[in-house]
Amino acid sequence: MIIFLWSILILAMAEFVVGKFANVFIVLVNYIDWVRKKKLSLADQIITALAISRIGLLWVIIINLFITVLNPVLESSKNIYFLMAWSITNHFSTWLAAGLSIFYLLKVANFSNFVFLHLKRRVKSVILGILLGTFVLLLLHLVMVTGHETMRTKECEGNGTWKMEPRDTVNNTLHVAVFHLVIATPFFVSLICFLLLIYSLCKHLMKMQAYGKGLCDPSSKAHVKALQTMISFLLLFATYSLCVIISNWLSIWWQHELLLFSEVVGTFYPSCHSYVLIWGNRKLKQAFLSVLWQVRCWLKKWKHSAP
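Thresholds, definitions, all that
Residues numbered from 1 in each chain as written. Predicted model: local features only at pLDDT ≥ 70, side-chain atom pairs only at ≥ 80, totals over all residues. Heavy atoms only, no water. Helix = DSSP H or I, 4+ residues; strand = E, 2+ residues; numbered from the N terminus. Buried < 20%, exposed > 50% of the residue type's maximum accessible area, 1.4 Å probe, protein only. Contact = heavy atoms within 4.5 Å. Areas by Shrake-Rupley, 256 points an atom, 1.4 Å probe, with all protein chains shown as cover. Phe/Tyr/Trp six-rings, centres within 6.5 Å; stacked < 30°, edge-to-face > 60°. Lys NZ or Arg CZ within 6 Å of the ring centre and 35° of its normal. UniProt positions renumbered as here; feature names shortened; annotations may be inferred. Salt bridge = Lys/Arg side-chain N within 4 Å of Asp/Glu carboxyl O. Axes fitted to C-alpha atoms, helices over the stretch in contact; angles between N-to-C directions. Parallel < 35°, antiparallel > 145°, perpendicular 65-115°, else oblique. Left-handed = near helix turned anticlockwise from the far one by under 90°. Patch = residues over 30% accessible without salt bridge, like charges linked within 9 Å, V, L, I, M, F, W, Y side chains within 5 Å.

Draft legend 1. Structural detail: the overall build of the chain. Secondary structure summary: the chain contains 11 helices and 0 strands in total. Of all 307 residues assigned to the chain, the portion counted as buried reaches 43%. Sequence separation of at least 24 residues holds for 77% of the intrachain contacts in the chain that already meet a minimum separation of 6. Within the structure as shown, the chain displays about 17300 Å² of accessible surface, and the carbon and sulfur contribution to it stands at 73%.

Right under this line is the structure:
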């Protein structure tokens, strides 16, 4: 049991360090670029905000894991504060990623539909409006989390264990429904954007075949690059969403070990997807390769200077 807990902590710390490095790197590169040029593209603005939200999410997850493993006595007292912090950071992390998917769709896809063309011309307003509209979901989630945890704490203090009473069934069902809605909605938004991009690429390739061209034109390359970025996000986000849902049910049944394992697996999403964003962005990729080259040169100098 002790070996398992320490393994969980070591793996979580590794994910935290790797993820924090990538997200801090994104923020620093875009900040330096903004200072130099006095402007930042919409895509870079979204990616920067996404990186900041993921830094917060990683801190919340790692602090919760350490408290749960090293000092379980504090777990019940910090539960509502942790859930509220996680709800806020998770909301911005998932919806900013969904906003990035919408950005790729509106910028890359080619449809002759009047509504799509109208949205394409106003991509910044569309994304900003969607992100502001999702605050309703965030507020609803925070209200449900506060009410559910307050009820659960009172039951634990009164009975020693939390027992589901008939009068609590409706509240618990509503809480679960809102929780699943909050987790699933940004995923399905990104999935729809992904499917529309595939449809747009297929139409574009059929058009190019008529002219005797393939994947060599700029539009096809932009489609493929956007799809590569989005499919990696969907796979990681699907894993994260599944782990979050499993963790929610395991917390109800007090399956401590499985809960910790599920949370650690879910941390791969905010840690690893940032590297996908770096590799898919020309500016970030060049800066990242430059840093790796400098580190390699420093290691060579250190190796030669060592006795």
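Draft legend 2. Highlighting the packing of aromatic side chains. According to the stated counting rule, one finds 17 aromatic pairs in the structure shown. Members of the aromatic cluster, joined through ring pairs, are F187, F188, F233, F237, Y240 and Y269. In this structure, R54 is placed above the aromatic ring of Y269, and the distance from its NZ or CZ to the ring centre is 4.7 Å. The ring of W279 carries the charged tip of K285 above its face, separated from the ring centre by 4.4 Å.

Draft legend 3. Highlighting the UniProt feature "transmembrane region" (unreviewed entry) in the chain. As recorded in UniProt, the feature "transmembrane region" (unreviewed entry) lies at residues 6–34, 46–68, 80–106, 126–144, 174–199, 231–252 and 258–278. For residues 80–106, the end-to-end C-alpha separation is 38 Å, with 100% helix and 0% strand making up the annotated structure.

Draft legend 4. How the structure looks around the environment of A238. Positionally, A238 belongs in helix α8 (residues 218–253). A238 sits in the partly exposed class, given a relative accessible area of 32%. Spatially, the C-alpha atoms of A238 and I183 are 9.8 Å apart, while their sequence positions differ by 55 residues.

Draft legend 5. Focus on the pattern of salt bridges. Summed over the entire model, instances satisfying the criterion amount to 3 salt bridges. Its salt-bridge partner being K283, residue D44 comes within 2.8 Å of it at the nearest N-O pair. Note that D44 is positioned in helix α2 (residues 42–70) and K283 in helix α11 (residues 282–305), a separation of 239 residues in sequence. Judged by its relative accessible area of 8%, D44 falls in the buried class. Beyond isolated ion pairs, a larger network of salt bridges with shared partners links D33, K37, D44 and K283.

Draft legend 6. Representation of the packing of helix α1 (residues 2–37) against helix α10 (residues 268–280). It is at 8 Å that the axes of α1 and α10 come closest, and there the two elements cross at 40°. As summarised for this structure, α1 and α10 are arranged oblique, according to the angle between their axes. Crossing geometry of α1 relative to α10 is assigned as left-handed. In this structure, α1 contributes E15, V18, G19, F21, A22, N23, F25 and I26 to the contact, and α10 contributes F268, P270, S271, S274, Y275 and I278.

Draft legend 7. Focus on a nonpolar patch on the surface. Nonpolar side chains collect at one region of the surface, where L28, Y31, I32, W34 and V35 lie side by side and expose about 500 Å² of accessible area between them. Positionally, W34 belongs in helix α1.

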